[in-house]
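# Working through the structure, step by step
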Amino acid sequence: MTQPRTARIALNRPLRRLFDYSIPDDLELTPGQRVKVPFGRQILTGLVVETGVQPPEGIALKPVQAALEPWPALPDGTFRLLTWASDYYQHPLGECLFTALPPALRRGRPAALKPDEQWQTAANDAALPANAHRQIALFNTIKTAPGITTSALVQSGYSRAQIRSLEQKELIQQSITTNVQPLIPEAALPAPVLSDAQQKAAGDLPENTQQFSASLLFGITGSGKTELYLHYLKTRLQHDEQALVLVPEINLTPQTVARFRRYFGNRIQVWHSALNDGERLSTWLKIRNGEPVILIGTRSAVLLPFTHLRTIIVDEEHDSSYKQGEGFRYSGRDVAVYRAHLNQCPVILGSATPSLESWHNASQGKYNLARLEQRAGNAKPPELTLLDIRSRPLEAGLARPALTAIKETLDRGEQALVFVNRRGFAPVMMCFDCGHMEECPRCDTRLTYHRRDRAMRCHHCDFQTAASHTCPKCKSENFKPVGQGTERTEETLAEHFPDTPIVRVDRDSTQRKGSIQAILKKVNSGEPCILVGTQMLAKGHDFPNVTLVTVVNADGGLFSVDFRAPEQMVQTLLQVSGRAGRGDKPGKVLIQTCHSDHPLLNALCQGNYPAIADQLLAERESGLLPPFRAMAILRAEADTMQNSLQLLDSLKPMASTPGVEVWGPLPAVIARKADRHRAQLILVSDHRKQLNRLLTYLCQYLDQTKLPSNTKWMVDVDPQETG
Ligand code: ADP
Ligand code: ZN
Ligand code: ZN
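All of these numbers come straight from a predicted model, not from anything done at the bench.

## Overview of the overall build of the protein
Within the protein one finds 20 helices and 32 strands. The principal-axis extents of the C-alpha atoms in the protein amount to approximately 85 × 80 × 65 Å. Relative to its 723 residues, the protein shows a buried fraction of 53%. Put simply, of all contacts in the protein between residues at least 6 apart along the chain, 75% involve residues at least 24 apart. When the accessible surface of the protein is totalled, it reaches about 32,800 Å², and 50% of it is carbon and sulfur.

Encoded structure:
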């Protein structure tokens, strides 16, 4: 029997179902291919999931209108990866598949680059009025760089209208287009020379790039993990192969990209949220065409349609930004491991503070473990000290010994870093007469005071209001900021050290394009300065002249309800400590705390992460928590808490099956966010497959059930936040 000419199509919609169409006689389709299909009154872009499916009886299928290209936009390996991820994370297949396409292709645009026009001058001089400054400047730019492209001109600040105007005046004309730049196969630098310790660790990484292996590279901060990655790729990757290097936040570490470029020239391509649609399409096409790209990218890069992928590296694999927080809630790291498995290639997870999941896998022998426990060059690990701040006078959160240490550091011509875990001026405004604290009207949270723009802001929704001098409740003038934010610390330090540049690094100060580059340039000049910032400062930076790190308050994670909080606290503190003493001079770290006898903080000061990880894992095991069991959260949000809880209550009997434990439902820690009331049901099981089956069943049920209006539900598999 011949197969029916039908195609099952996924659409970019949050729908847990696919749609069947007939295939016209003159069309051949394969899974992963983009098509145009009629849907209601619209024509939508779809992706072929399957062909030859028996159509339901008695229903006349509409035909697929056209294929957008004759080849599958998602090749087999990528298609299978996304199908797996859709099932594992319980997210609709259509939305998962479309995540792997650049925005232009999601919208049904052609999978080809518009050729960029190139320009040259058509006259010797610009016959323009003297006050047409921009046009004259544009003319001169083109004159000095004939062949310059429209996009390069737009990037340097000229408008398309200005270019058109010069063309109309016949002052410039298009030159012959060469268009695509070929990739230079390999740049000048040979593999880096490794230290003995690095060489030993390199020896523990797998040689064979043609079979699956997962390795954890545990390398303390400043041990030169990047050199190891470079060495691995230089010595193992063939000239025609592709590699993927996942990093947490590329915008923060332009240095890393520059380092890779020195060894691999323009085989290095980048993938991150700040790219525009054209740049995305261009990089996507290179990857899909199998060019020998080494892609440095954030989370979503792991979903791209590589065809010759032979190595995956996940740097800072513990970083929580690898887990997507909304929609398709996948973990870039975990998908990377599965991709390596599907693709039969090595994956290397690197970190100074490995996630407990990876540490556990290494202890169990599921991952190879490569250890690198010496700093590179002459650098020594920093020395960590706890500074008890109970009953010590503080100046905007800093104790005397900390201020003295900062002064000594600056006097020696070195740089100091001050870590504050909150942006803004102060986390609370409080009335010292009536006790009133300013809260967000839409969330169960306090408002953060931002002094610079005299605003009170909610960091959980977009609420913002003008700050007031007096208590809104009792009109007392005794209404004051309480606690520390980066702005406040910056201000105090500026008073203490009026002649020293102070550089603040947080989400507010780095919003503008290029601001982080300017900041890094300043720090890398090596001049004495004080860096003040949030965890943005903890991630991967290499500042050789920073010799002192002060942590304003380490106590945040000690008593949280979230079972991951201690792990995350230790990771952040060790990472930020790791910024000290990376060059030739020794580094010191002062950790201010009200709990200087806390065992975790004391263990931290020994700098022995493996011991801490083992201890935390023992606690997880006795608490029957991940990574010893699989976990998923079903969240509900509605206009009232009652509706949220009711929905989850109705699921509880269905979820309570043998082998699955159900906790809750309970209101979330921030029960109300942006006026939505949130509750959760936690499911844990010894058997991941069983949990997965149960979730599939619950999602199907929820999908087909009519819910009260405005009630929403979502599933989070392997949740990072359980509050
Ligand atoms: P990590 O990522 O492990 O924290 P990096 O890769 O940033 O560490 O390396 C820390 C510093 O040590 C960098 O300045 C790097 O250039 C330097 N370094 C690394 N390996 C070597 C080596 N083999 N010889 C000399 N310097 C090195
Ligand atoms: Zn008051
Ligand atoms: Zn709010």
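From this point, the narrative continues.
## Comments concerning the coordination of the zinc ion (ligand 3)
Surrounding the zinc ion (ligand 3) are the protein donor atoms Cys 440 (SG), Cys 443 (SG), Cys 458 (SG) and Cys 461 (SG), at 2.2 to 2.4 Å. Its four donor atoms give the zinc ion (ligand 3) angles of 105 to 116° at the centre, a pattern that matches the tetrahedral case.

## Examining the environment of Leu 304
Mapped onto the elements of the fold, Leu 304 is located in the loop between strand 12 (294–297) and strand 13 (309–315). Remark: the alpha-carbon pair of Leu 304 and Lys 366, spanning 62 residues in sequence, is separated by 26 Å. Every residue in contact with Leu 304, bar those within four places of it in the chain, is listed here: Thr 78, Ala 100, Trp 271, Trp 284, Ile 287, Leu 295 and Arg 339.

## A word on the packing of helix 8 (residues 225–236) against helix 9 (residues 254–264)
Direction vectors running N to C along helix 8 and helix 9 enclose 30°, while the axes themselves pass 11 Å from each other. Regarding the angle of helix 8 to helix 9, the classification is roughly parallel. As for the relative orientation of helix 8 and helix 9, their crossing is right-handed in sense. Touching Thr 226, Glu 227, Tyr 229, Leu 230, Leu 233 and Lys 234 of helix 8 are Arg 259, Phe 260, Tyr 263 and Phe 264, all from helix 9.

## Overview of the packing of helix 16 (residues 565–577) against helix 18 (residues 609–622)
Between helix 16 and helix 18, whose axes approach to 11 Å, the crossing angle comes to 170°. Taken together, the axis directions place helix 16 and helix 18 in an arrangement best described as roughly antiparallel. Between helix 16, through Pro 566, Glu 567, Val 570, Gln 571 and Leu 574, and helix 18, the contact on the second element is made entirely by Tyr 609, Ile 612, Leu 616 and Arg 620. Classifying every residue of the contact of helix 16 with helix 18 gives six nonpolar, one polar and two charged.

## Quick notes on the coordination of the zinc ion (ligand 2)
Donor atoms from the polypeptide that coordinate the zinc ion (ligand 2) comprise Cys 431 (SG), Cys 434 (SG), Cys 471 (SG) and Cys 474 (SG), at 2.3 to 2.4 Å from the metal. Given four donor atoms and angles of 106 to 113° at the metal, the environment of the zinc ion (ligand 2) is assigned as tetrahedral. As a motif over one chain, the donors of the zinc ion (ligand 2) read C-x2-C-x36-C-x2-C. Classification of Cys 474 as partly exposed rests on a relative accessible area of 35%.

## Section: the pairing of strand 4 (residues 42–51)
Pairing between strand 1 (residues 6–11) and strand 4: five bridges, direction antiparallel. Bridging from a neighbouring strand, Leu 11 pairs with Gly 46 of strand 4. Looking at chain direction, strand 3 (residues 34–39) and strand 4 are connected through six bridges and run antiparallel. Looking across to strand 4, one finds that Pro 38 is bridged to Ile 43. Between strand 3 and the antiparallel strand that follows it, strand 4, lie two residues; Gly 40 among them carries a positive phi value of about 60°.

## Comments concerning unusual backbone geometry
Residue Pro 626 is joined to Pro 627 through a cis peptide bond whose omega torsion reads 5°. Relative to the helices and strands, Pro 627 is located in the loop between helix 18 and strand 29 (630–638). For the peptide bond that leads from Gly 664 to Pro 665, omega is 5°, which places it in the cis range. One can find Pro 665 in strand 30 (residues 660–673). The phi dihedral of Gln 344 falls on the positive side, at around 55°, and the residue is not glycine. Structurally, Gln 344 is set in the loop between helix 11 (332–343) and strand 14 (346–351).

## Some remarks on the packing of aromatic side chains
Under the counting rule described, the total for this entry stands at nine aromatic pairs. Summarising the aromatic geometry, the rings of Trp 84 and Tyr 89 are spaced 6.4 Å apart at their centres and angled 80° between planes, so their arrangement reads as edge-to-face. No difference in accessibility class separates Trp 84 from Tyr 89, as the two residues are buried. The exposure class of Tyr 89 is buried, given its relative accessible area of 3%. Taken together, the aromatic side chains of Trp 84, Tyr 88, Tyr 89, Phe 328, Tyr 330 and Tyr 338 make up a single cluster linked through ring pairs. One residue, Lys 480, lies across the ring of Phe 432, its end atom 5.9 Å from the ring centre.

## What to know about the pairing of strand 28 (residues 588–593)
Buried residues dominate strand 28, accounting for five of its six residues. Pairing of strand 27 (residues 546–551) with strand 28, which is carried by four bridges, proceeds in the parallel orientation. Its bridge partner being in strand 28, Val 551 is matched across the sheet by Ile 591. Note on the crossover from strand 27 through helix 16 to strand 28: the handedness is right-handed.

## What to know about the sheet that holds strand 8 (residues 172–174)
The three strands are arranged 7-6-8 in an open sheet whose pairing can be described as antiparallel. Only two strands of the sheet have a single partner each, and these edge strands are strand 7 (148–149) and strand 8. When strand 6 (residues 118–121) meets strand 8, the two strands line up antiparallel, connected through three bridges. The residue bridging Trp 119 from the neighbouring strand is Gln 174, located in strand 8. Against the sheet, helix 4 (residues 133–144) engages strand 6, strand 7 and strand 8, with an angle of about 100° to strand 6. Against the sheet, helix 6 (residues 160–168) touches strand 6 and strand 8, its axis set at about 100° to strand 8.

## Here's the deal with the side chain of Arg 676
Mapping Arg 676 onto the fold places it in strand 31 (residues 676–685). Relative accessible area serves as the criterion here: at 14%, Arg 676 is assigned to the buried category. Reaching out from Arg 676, the side chain makes a polar contact with the side chain of Asp 639 at a distance of 3.1 Å. Ignoring any residue separated from it by four or fewer positions in sequence, one finds Arg 676 in contact with Glu 637, Ala 638, Asp 639, Ala 671, Asn 710 and Lys 712.

## Looking at helix 18
Residues spaced three or four apart along an α-helix face the same direction, because each turn holds 3.6 residues. The terminal C-alpha atoms of helix 18 lie 20 Å apart, and with 14 residues this matches the ideal 20 Å at 1.5 Å per residue to within 8%. Within helix 18, burial applies to Tyr 609, Pro 610, Ile 612, Ala 613, Leu 616, Leu 617 and Arg 620. Buried residues in helix 18, looked at end-on, bunch into an arc of 155°, giving them a common side. Those residues of helix 18 that are buried lie in contact with strand 9 (213–219), helix 12 (356–363), strand 15 (368–372), helix 16 and helix 17 (599–605). Positive backbone phi, at 55°, marks Leu 624, one or two positions downstream of helix 18.

Rules used throughout
Residues numbered from 1 in each chain as written. Chains lettered and ligands numbered in written order. Predicted model: local features only at pLDDT ≥ 70, side-chain atom pairs only at ≥ 80, totals over all residues. Heavy atoms only, no water. Helix = DSSP H or I, 4+ residues; strand = E, 2+ residues; numbered from the N terminus. Buried < 20%, exposed > 50% of the residue type's maximum accessible area, 1.4 Å probe, protein only. Contact = heavy atoms within 4.5 Å. Areas by Shrake-Rupley, 256 points an atom, 1.4 Å probe, with all protein chains shown as cover. Donors = N, O, S within 2.8 Å, 3.2 Å for Na, K, Ca; no water. Tetrahedral: all angles 85-135°; square planar, octahedral: opposite > 155°, others 65-115°. Axes fitted to C-alpha atoms, helices over the stretch in contact; angles between N-to-C directions. Parallel < 35°, antiparallel > 145°, perpendicular 65-115°, else oblique. Left-handed = near helix turned anticlockwise from the far one by under 90°. Nonpolar A, V, L, I, M, F, W, Y, C, P; charged D, E, K, R; others polar. Pairing = 2+ DSSP bridges. Phe/Tyr/Trp six-rings, centres within 6.5 Å; stacked < 30°, edge-to-face > 60°. Lys NZ or Arg CZ within 6 Å of the ring centre and 35° of its normal. Right-handed = clockwise from strand over helix to strand, strands pointing away. Polar contact = N/O pair within 3.5 Å; in protein donor to acceptor, adjacent residues only side chain to side chain. Expected span 1.5 Å × (residues − 1). Arc of directions from axis to C-beta.

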